Amino acid sequence: MVKKIHSTTLSFDPPNYIQRFTGVIWWSLVRHKYLLPTFSLVEIILSIAIVYGLGLFLPSIGPQEAVYLSSGTITIGIIAVGCVLAAQIISTAKQDGIVNYQKTLPVSRGEIIIADTIIWGVAALPGIVMGGIAAVIRFKIHLYISPTSILVIIISLATMILIGFSLAYWLPTNIMSLITQVIMIGGLLFSPITYPASRIPDLLYALYQFLPFVPTSDLIRATLFKSSQFSWADMFVVLSWGLIGYGLSLSALSRKE
Amino acid sequence: MVTSLSTYSISKNYKHGRINANKNITVDFSPGEITALTGHNGAGKTTLLKQIMGVVKPDSGSITYRGISFIRESNKARELIAMMPQFHAPLVGVTLRQAIEAVGKIRGISHLEMNESIDQIAHDLKIEKWLNIPGQKLSGGLQRLTSFAMTVVAPPPILLFDEPTNDVDPVRRIIVWEYLRKLANNDHIIVVVTHNLFEVERYADRYILLNEGKVTQDEHTSILRKELLSSSLLSITSNKPLDEAKIPDNLNTNIKDGALEYSIHLTNDQIPKAIEWLLQGIKSNKITHYSLSPFPLDMLYRGLTDG
């Protein structure tokens, strides 16, 4: 026996923006209640592994190497969060039908993207903090925690997550996995993120200046470690990639069959 | 202001026009009415729902409600429509309660009303005892009922359901249809895609039959019921071939080759003579089994489609 129906056509009022947005965030948090702490733990382990593990490759670690390893830890952690882990989570959500289901709910596509960016960004913070702490303990290095350095980390995180989302939304799962692996291996081994750019050919370095990964590490070194000059060009590249990632994610979600 | 949902000349093709999912579909859906959308697999039912919902864009035509074009303003469509998908709503990692609550929050149920709303729906659908079970551990039927509950929590004016009673047990199927009736009584527009013709006949107000992307039938189920009662089907099994010349007057006879099975479609006036002939057949031990019933819906349906 149906006792009550909670609204009728005549009294229907669409929910307000904040309520909808918090609803999307809440749903995502509940869905990932076990994954989020695991994700943070993996980030923490990754940070410690880079600080202590990569140092083993070097015969001696001077001040410059210490800065590169420390900033590289944070940068690679951010890349791992956005371009690998967040991308895989969205890809799984796509396969599970969550993405298609969300498309039928009264939330804008932008709200879905921003909500997910916030969630995975927050989940990445423990790893970033632990990376900083590990660097301080291991290399006795000083961190310049300021509004600028925090803003740079937030922008970098958002950019990488948005790149990851756009890969996941647009590409089939197997291709997306391959690309995220290439980004991660490239970031760990071949990009001048954990070592100075002078060690790679000029042409390759010029190419890296247009990709978001090296400018991100430059910005983190310039603000959190103050080991180089802050570059607006780097900021422009990172912001541009963030906008490209957002635009591609938005167009993928807005696309109609 | 007209409050019906109108689709006008909707066409949708896939694979560069090789597949015509919908062809010039013009139908109105009215508040207070349960409309069943039936047809074979691939007839274009789900495509039509998705176009109304705004997730599939028609190649031509219009979809309007209260002067709003759902094709141009798909954000409005999402506010005014809730759709239960053909496959289960995503429930991995969330309990039944959390799944309903998530959609309730997004659709604007206040914190104070939330628990009451969820408990009420769970009570109505008789799924209370599974409220705190994770979705992936629920049976297919319970997952579908959860998906149904997610659709009807804070119901907007238009509700679209894609096969809502599939996998659901017979008792709760009736509950689902009763719930739909209550929603219709509250002036919601209800559109249900289903293959279950008996449920259509019994619970829907109107049915639209799609065949190869086109509307081939659109009428009230009261007419359908009358049509079904206006003729009968006499099914006979014999132990040897019957003399076809002696079969009484009928609308149509279908003989299954080799199986000695006869399906005789009769008008109500033709029934007495047919029974006389049937009794003779039983006496002479030629007829071993028979049944007489109102003309079945599935045979009528087959006659209306290419199936």
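Residues numbered from 1 in each chain as written. Chains lettered and ligands numbered in written order. Predicted model: local features only at pLDDT ≥ 70, side-chain atom pairs only at ≥ 80, totals over all residues. Heavy atoms only, no water.

K.L.:
What am I meant to see in the overall build of chain A here?
P.N.:
In terms of regular secondary structure, chain A is built from 10 helices and 0 strands. Each helix and strand of chain A, placed in order from N terminus to C terminus, yields the pattern α-α-α-α-α-α-α-α-α-α. For 257 residues, the compact-globule estimate of 2.2 N^0.38 gives 18 Å, and the C-alpha radius of gyration of chain A, at 20 Å, lies within 12% of that figure. Principal-axis analysis of the C-alpha atoms gives chain A an extent of 75 × 35 × 30 Å. The buried share of chain A, taken over its 257 residues, is 53%. Here the analysis covers contacts within chain A between residues at least 6 apart in sequence; of these, 80% occur between residues at least 24 apart. (Helix = DSSP H or I, 4+ residues; strand = E, 2+ residues; numbered from the N terminus. Rg over C-alpha atoms; globule rule 2.2 N^0.38 Å. Buried < 20%, exposed > 50% of the residue type's maximum accessible area, 1.4 Å probe, protein only. Contact = heavy atoms within 4.5 Å.)

K.L.:
Please explain the packing of helix H1 (residues 17-31) of chain A against helix H3 (residues 96-106) of chain B as it appears in this structure.
P.N.:
Packed helices, taken two at a time, are described by the angle their axes make and the gap between the axes. For the pair H1 of chain A and H3 of chain B, interaxial distance at closest approach is 7 Å and the crossing angle is 160 degrees. Here H3 of chain B runs roughly antiparallel to H1 of chain A, going by the angle between their axes. The two elements H1 of chain A and H3 of chain B cross, and the hand of that crossing is left-handed. Of H3 of chain B, the residues touching H1 of chain A (which contributes Gln19, Arg20, Gly23, Val24, Trp26, Trp27 and Val30 of chain A) are Gln98, Glu101, Ala102, Lys105 and Ile106 of chain B. (Axes fitted to C-alpha atoms, helices over the stretch in contact; angles between N-to-C directions. Parallel < 35°, antiparallel > 145°, perpendicular 65-115°, else oblique. Left-handed = near helix turned anticlockwise from the far one by under 90°.)

K.L.:
Help me out: how do you make sense of the interface of chain A and chain B in this one?
P.N.:
When the parts come together, some accessible area is lost, and that loss is often what is quoted as the size of the interface. Facing the 34 residues of chain A at the interface are 49 residues of chain B. Between chain A and chain B, the buried area comes to about 3,900 Å², and carbon and sulfur atoms account for 60% of it. Remark: the boundary between chain A and chain B carries 1 salt bridge. Across the salt bridge formed by Glu79 of chain B and Arg20 of chain A, the nearest N and O atoms sit 3.4 Å from each other. For the pair chain A and chain B, the number of links is 8 residue pairs in polar contact (both at pLDDT 80 or more). When residues of the side of chain A that touches chain B are traced back to their parent elements, those giving at least two are H1 and helix H4 (98-102) of chain A. Considering each element in turn, the side of chain A that touches chain B owes the most residues, 8 residues, to H1 of chain A. Here the residues of the side of chain A that touches chain B sort into 15 nonpolar, 9 polar and 10 charged. (Buried area = accessible area lost by both parts, 1.4 Å probe. Salt bridge = Lys/Arg side-chain N within 4 Å of Asp/Glu carboxyl O. Polar contact = N/O pair within 3.5 Å; in protein donor to acceptor, adjacent residues only side chain to side chain. Nonpolar A, V, L, I, M, F, W, Y, C, P; charged D, E, K, R; others polar.)

K.L.:
I'm lost on the UniProt feature "transmembrane region" (unreviewed entry) in chain A in this one. Help?
P.N.:
All names here are of chain A. In the numbering adopted here, UniProt assigns the feature "transmembrane region" (unreviewed entry) to residues 34-54, 66-91, 112-137, 149-171, 178-197 and 232-253. Counted over residues 66-91, helix gives 100% and strand 0%. Its end C-alpha atoms are 36 Å apart. Within residues 112-137, the helical portion is 100% and the strand portion 0%, while the C-alpha atoms at the span's ends are 39 Å from each other. (UniProt positions renumbered as here; feature names shortened; annotations may be inferred.)

K.L.:
Whenever I open this one, the sheet that holds strand E4 (residues 60-65) of chain B confuses me. Can you help?
P.N.:
Each strand in a sheet pairs with its neighbour through backbone hydrogen bonds, running either in the same direction (parallel) or in the opposite one (antiparallel). Residues and elements named next belong to chain B. Pairing in this open sheet of 4 strands is antiparallel, and the strands run E2-E1-E4-E5 from one edge to the other. Strands at the two margins of the open sheet, each flanked by one partner only, are strand E2 (19-29) and strand E5 (68-69). Note: E4 against E5, 2 bridges, orientation antiparallel. Paired with Thr64 across the two strands is Ser69, which belongs to E5. In the packing of helix H1 (residues 45-53) onto the sheet, the strands contacted are strand E1 (5-14), E2 and E4, and the crossing angle to E1 comes to about 120 degrees. (Pairing = 2+ DSSP bridges.)

K.L.:
Explain helix H8 (residues 221-229) of chain B to me, please; I cannot follow it from the model alone.
P.N.:
For the α-helix, the turn length of 3.6 residues means that residues three or four positions removed from each other point alike. Residue and element names in this part refer to chain B. For H8, the set of buried residues is Thr221, Leu224 and Leu228. Seen along its axis, H8 keeps its buried residues to an arc of 50 degrees; they face one direction. Of the residues in H8, the exposed ones pointing more than 90 degrees away from the buried face are Lys226 and Leu229. (Arc of directions from axis to C-beta.)

K.L.:
Which parts of the structure should I look at to understand the confidence of the model for chain A?
P.N.:
Note that predicted coordinates carrying low pLDDT should not be read in detail. All names here are of chain A. This prediction gives chain A a mean pLDDT of 86; 94% of its residues lie at or above 70. With pLDDT under 50 throughout, residues 1-5 is counted as low confidence; its partners more than four residues away or in other chains account for 19 contacts. pLDDT under 50 marks residues 7-11. Its contacts with residues more than four places away, or in other chains, come to 10 contacts. (pLDDT = per-residue confidence, 0-100.)

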